[in-house]
Amino acid sequence: MNYKELADLIFPDAKEISYYEEKYPRRNLKEGAEVLRVAPSPTGNVHIGTIYQALIATKLTKQTGGVFFLRIEDTDQKREIEGGITQIINALKEFDLEPDEGMINELESKGEYGPYRQSLRKDIYQAYAKYMIEQGKAYPCFATPEELEEIRAKQEAAKVRTGYYGVWAKYRNLSLEEMAEKIKAGVPYIIRFKSNGREDRKIKHKDIIKGNVDFPENDQDVVIIKSDGLPTYHFAHVVDDHLMGTTIVTRGDEWLSSVPLHLQLFQEIGFKAPRYAHTPTLLKNDNGNKRKISKRKDPEAAASYYKEQGIPSLAVKEYLMNIANSSFENWRRQNKEVSIDDFDFQLNKMSVSGALFDMVKLNDVSKIVISRYTAQEVYDESMKWAQKYDNELVEMLSNKEYSLKVLGIERGNVKPRKDIAKWSDVKENIIYMYDEKFMNEKIDYPYQTINEKEEINKILDLYIKKYYNENDDKQIWFDKIKELSGELGYAKEVKEFKANPEMYKAHVGDVSTVLRVALTGRTNTPDMYEIMQVLGKDSVIKRLKKAKNC
RNA sequence: GGCCCCUUGGUCAAGCGGUUAAGACAUCGCCCUUUCACGGCGGAGACAUGGGUUCGAUUCCCGUAGGGGUCACCA
């Protein structure tokens with residue numbers, strides 16, 4: 001019995017690896033072009049970290065003329081959920097991060113290096129596992145879960161490292177005949193890597209983000225093919241990223257500690273290893289402690305959360321880009337109108353430590369992003385959001401022509417309004433502009449300085465009868481409010497009032513506030529002149545009268 | 001516990017042996033001839049800690065503390 005015969009016994013039908021090496025030739029890309037991928041598992045809610053990785057990958061591949069592909073890592077069938085792949089694809093689409101290659105639905109893919117779904121690549125992994133066995137670099141292991149548990153218990157008692165390595169690897173040194181015999185007898189087994197590493201030797205790794213990191217060599221005989229015939233992550237990573245021509249592996253830094261294993265695997269199987277970039281984890285503040293954003297506990301971990309909240313995906317992307325390269329912020333301020341694609345992203349400028357995901361800052365980014373939208377865009381996006389989450393808003397917006405005017409207030413000028421951070425803010429921001437809402441509601445008018453009913457009515461009356469004219473331009477309109485103020489004993493200028501407070505009842509600002517509150521039911525609104533223009537004469541009069549009669 | 005990573009204001013962060021230690025968000029004050037949202041100006045606020053190395057350390061080295069990750073037939 002030799003290695004070849006053992007390999008044939010275990011994988012009788014597996015092809016030679018030369019078949020796959022020819023089928024998936026090295027990519028022919030121009031110098032400097034990078035190939036990156038995002039490789040999520042279809043386990044449910046898409047994690048915001050996946051979006052983060054995809055953002056980085058698209059930036060880098062677009063900048064270098066490379067390829068960005070999506071690979072589905074579904075080798076753990078227990079954790080898989082139905083429709084998981086579709087969710088991932090849709091999430092990437094939502095954020096406008098569509099891959100050049102990869103799965104396009106649950107079963108099909110585009111690109112020459114597929115399948116891009118690991119469970120569909122079983123024969124490929126087995127061919128390479130067979131090759132490893134032929135080389136004497138992998139072997140069948142017959143340890144049962146109980147045996148493994150026993151080994152662990154002994155190791156813990158002896159206070160040594162746990163794991164399947166060295167003298168603890170009890171099936172590693174079985175003779176080939178013994179192995180064959182057990183297999184023929186039907187004893188269950190899995191395939192393990194036969195590590196030649198030594199824990200007392202160091203390997204050096206240069207990570208694009210983390211820099212130089214030294215580790216002890218890997219000496220664990222890790223499982224490469226599980227009992228269901230599918231590979232573990234480690235083996236799939238090595239085979240796939242080799243075959244698919246990945247040049248830079250970006251992944252969360254929870255993977256950093258398996259770099260020694262992966263490098264060793266690449267070397268032993270005879271592939272050139274990719275470069276690695278381990279990205280810092282997105283953290284959140286949990287009662288004063290930082291911790292990883294968790295899919296289970298934190299709603300904001302789900303990529304879908306932002307859509308539900310009505311935060312534009314572009315805002316999320318800009319925020320993430322901010323975390324990735326802090327110079328983005330400065331660049332953005334100087335390049336307000338151009339696409340995020342034009343920003344020159346640098347992997348090696350990423351921070352090495354994890355960043356707290358800051359919703360407040362996201363909010364700010366989002367306000368700026370939305371402030372650049374036209375009224376039409378705000379309308380379309382709000383409507384799209386409302387149709388899913390807020391019927392009342394749909395109802396309001398269905399008066400399109402009017403809504404466009406409302407949303408257009410103080411928009412599109414040099415200093416656009418920045419009061420909407422998410423589409424769910426829209427309703428509250430504009431609801432008072434709709435007569436069918438405003439006129440039928442009981443309004444608590446929050447008058448400020450001037451708050452006696454009689455005085456208020458005097459102002460409103462005089463304004464309606466003598467001063468209000470819907471055709472006035474802004475200057476005249478305001479001059480009239482000043483005159484009205486003067487007529488009733490209020491200072492026409494605030495400064496004037498401050499200089500001689502005893503001479504006046506109050507000032508023009510206070511009078512304006514009365515009008516504002518009467519008109520809108522609130523003290524804080526956008527520019528009152530524009531509001532009155534949008535409302536139109538009938539509505540203005542109606543509203544002032546309603547306030548009077550309250 | 002072993003191994004590995006990290007540590008600049010409340011948060012994100014520039015910095016890469018000599019700086020008045022940038023900037024953004026948040027916060028506070030003032031201004032922007034009516035509020036708000038903007039915008040402008042300004043304030044408060046930081047190099048975890050102890051040793052080295054050096055003429056000089058936020059920056060380099062070592063220790064300590066704190067935080068994080070990882071040690072599966074999960075990824």
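Preceding this paragraph is the structure being described.
Fair warning: this is a prediction, and the values are worked out from it, not measured in the lab.

A. Geometry of the nonpolar core. Grouped together as the largest cluster of nonpolar side chains are 161 residues, with contacts concentrated most on Tyr128, Phe235, Met433 and Tyr463. Element by element, the count of residues in this core is highest for helix α3 (residues 48-64), at eight residues. If near-sequence neighbours (up to four positions away) are discounted, phenylalanine 235 is found in contact with Tyr125, Tyr128, Ala129, Met132, Ile224, Ile225 and Ile269. By size, the runner-up hydrophobic cluster in this structure holds five residues, among which are Ile203, Val213, Phe215 and Leu256.

B. Representation of the pattern of salt bridges in the model. Evaluation of the coordinates by the stated rule reveals 53 salt bridges. Here aspartate 74 makes a salt bridge to arginine 117, at a shortest N to O gap of 2.7 Å. A residue pair is termed long-range when its members are at least 10 positions apart, and aspartate 74 in the loop between β2 (67-70) and α4 (84-94) and arginine 117 in the loop between β4 (109-110) and α5 (122-134) qualify at 43 residues. According to the relative accessible area criterion, arginine 117 is buried, its value standing at 10%. Each of Arg37, Arg71, Glu73, Arg121, Asp240 and Asp241 takes part in a single network of salt bridges with overlapping partners.

C. Representation of the packing of helix α8 (residues 233-243) against helix α9 (residues 259-269) in the model. One way to put it is that α8 packs onto α9 with a least axis distance of 10 Å and a crossing angle of 55°. Considered as vectors, α8 and α9 are oriented oblique to each other. In the packing of α8 onto α9, the handedness of the crossing is right-handed. Residues Tyr233, His234, Phe235, His237, Val238 and His242 of α8 form the contact with α9, whose own contacting residues are Leu261, His262, Leu265, Phe266 and Ile269.

D. Representation of the pairing of strand β11 (residues 275-279) within the structure. Burial analysis of β11 places four of its five residues in the buried class, the great majority of the element. Viewed along the sheet, the connection from strand β10 (residues 248-252) through α9 into β11 turns out right-handed.

E. Main features of the protein's contact with RNA strand B. Around RNA strand B sit 59 residues, and of these Arg152, Lys226, Glu329, Lys361 and Arg417 come closest. Of all RNA strand B atoms lying within 4 Å of any protein atom, the proportion belonging to sugar or phosphate reaches 70%. Here asparagine 524 contributes a side-chain N or O atom positioned 3.0 Å from a sugar or linking oxygen of RNA strand B. The residue inventory of the surface near RNA strand B, partitioned by class, reads 19 nonpolar, 12 polar and 28 charged.

F. Summary view of the side chain of glutamate 73. Turning to its location among the elements, glutamate 73 is positioned in the loop between β2 and α4. Looking at glutamate 73, the relative accessible area reads 7%, which means it is buried. A polar contact of 3.1 Å, which involves the side chain of glutamate 73, links it to the side chain of glutamine 118. With residues near it in sequence (within four places) discarded, glutamate 73 still touches Ala39, Pro40, Ser41, Pro42, Gln118 and Tyr233.

Definitions and limits used
- Residues numbered from 1 in each chain as written.
- Chains lettered and ligands numbered in written order.
- Predicted model: local features only at pLDDT ≥ 70, side-chain atom pairs only at ≥ 80, totals over all residues.
- Heavy atoms only, no water.
- Core = buried A, V, L, I, M, F, W, Y, C linked by side-chain atoms within 4.5 Å.
- Buried < 20%, exposed > 50% of the residue type's maximum accessible area, 1.4 Å probe, protein only.
- Helix = DSSP H or I, 4+ residues; strand = E, 2+ residues; numbered from the N terminus.
- Contact = heavy atoms within 4.5 Å.
- Salt bridge = Lys/Arg side-chain N within 4 Å of Asp/Glu carboxyl O.
- Axes fitted to C-alpha atoms, helices over the stretch in contact; angles between N-to-C directions.
- Parallel < 35°, antiparallel > 145°, perpendicular 65-115°, else oblique.
- Left-handed = near helix turned anticlockwise from the far one by under 90°.
- Right-handed = clockwise from strand over helix to strand, strands pointing away.
- Near = heavy atom within 4 Å.
- Polar contact = N/O pair within 3.5 Å; in protein donor to acceptor, adjacent residues only side chain to side chain.
- Nonpolar A, V, L, I, M, F, W, Y, C, P; charged D, E, K, R; others polar.

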